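So the chains spell out like this:
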Amino acid sequence: MLKGLGGLGDMAKMMKSAQELQTKMAQMQEDLHNVMVTGEAGAGLVKATASAKGDLKALDIDPSIFNGDDKEVVEDLILAAIKDAQAKAAEKAQEEMASLTESMGLPKDIKLPF
């Protein structure tokens, strides 16, 4: 297609590949929101369901480990603690990424796809 333009043909091919990769990454990121995983603790007495992106979606605690009347309160407290930890983890990851990109000579607020 761009034969005779020297290195420009290679550049066009590389740009097309980069665009395809970007499209595939965007689709993968979207798909990860819909994939659910379940983690267990205490031989299945506590179960946490999250999207593959790490967003906590549900928490289930077997009432046999405490007074059944407290079940919803305990679940809400655990869910709040997990969400707080996730927020702090995301903030820390962003700080680390900013530090890394800045050390590479890139703007520290650059948004990379990972």
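Worth saying up front: this structure is predicted, and the values here are computed from it rather than measured. (Residues numbered from 1 in each chain as written. Predicted model: local features only at pLDDT ≥ 70, side-chain atom pairs only at ≥ 80, totals over all residues. Heavy atoms only, no water.)

**Topic: the pairing of strand 3 (residues 56-61)**
What counts, and what does not: Pairing between strands requires that DSSP locate at least two bridges from one strand to the other. Each helix is a run of DSSP H or I of at least 4 residues and each strand a run of E of at least 2, with the numbering of both proceeding from the N terminus.
In this structure, strand 2 (residues 46-51) lies alongside strand 3, joined through five bridges in antiparallel fashion. Following the sheet pairing, A48 is matched in strand 3 by L59. Between strand 2 and strand 3, which pair antiparallel in sequence order, lie four residues; one of them, G54, sits at a positive phi of approximately 95°.

**Details of the sheet that holds strand 1 (residues 36-41)**
Going by this rule: Lines fitted to C-alpha atoms define the axes, with helix axes restricted to the stretch in contact, and inter-axis angles between N-to-C directions lie between 0 and 180 degrees.
Taken together, the three strands give an open sheet; going across it, the order is 1-2-3, and neighbouring strands pair in antiparallel fashion. The outermost strands of the open sheet, each flanked by one partner alone, are strand 1 and strand 3. Between one strand axis and the next, the sheet turns through 15° on average, direction left out of account.

**Structural notes on the environment of I82**
So the rule is basically this: Burial here depends on accessible area, computed with a 1.4 Å probe over protein chains only, as a share of the maximum for the residue type. Under 20% is buried, over 50% is exposed, and the range in between is partly exposed.
Looking at the secondary structure, you find I82 in helix 2 (residues 71-103). Residue I82 is classed as partly exposed on the basis of its relative accessible area, which comes to 27%. Sequence separation of I82 and L59 is 23 residues, and the distance between their C-alpha atoms is 10.0 Å.

**Digging into the environment of T38**
Convention followed: A contact between two residues is defined here by any heavy atoms of the two lying within 4.5 Å.
Within the secondary structure layout, T38 lies in strand 1. For T38 and A58, which are 20 residues apart along the polypeptide, the C-alpha to C-alpha distance reads 9.1 Å. With residues near it in sequence (within four places) discarded, T38 still touches K47, A48 and T49.

**Here we look at the confidence of the model for the protein chain**
Filter applied, for reference: pLDDT expresses, on a scale from 0 to 100, how confident the predictor is about each individual residue.
When the pLDDT values of the protein chain are averaged, the result is 75; 76% of them are 70 or greater. Strand 3 holds the highest mean pLDDT among the elements of the protein chain, 84, whereas helix 1 (residues 7-34) holds the lowest, 75.

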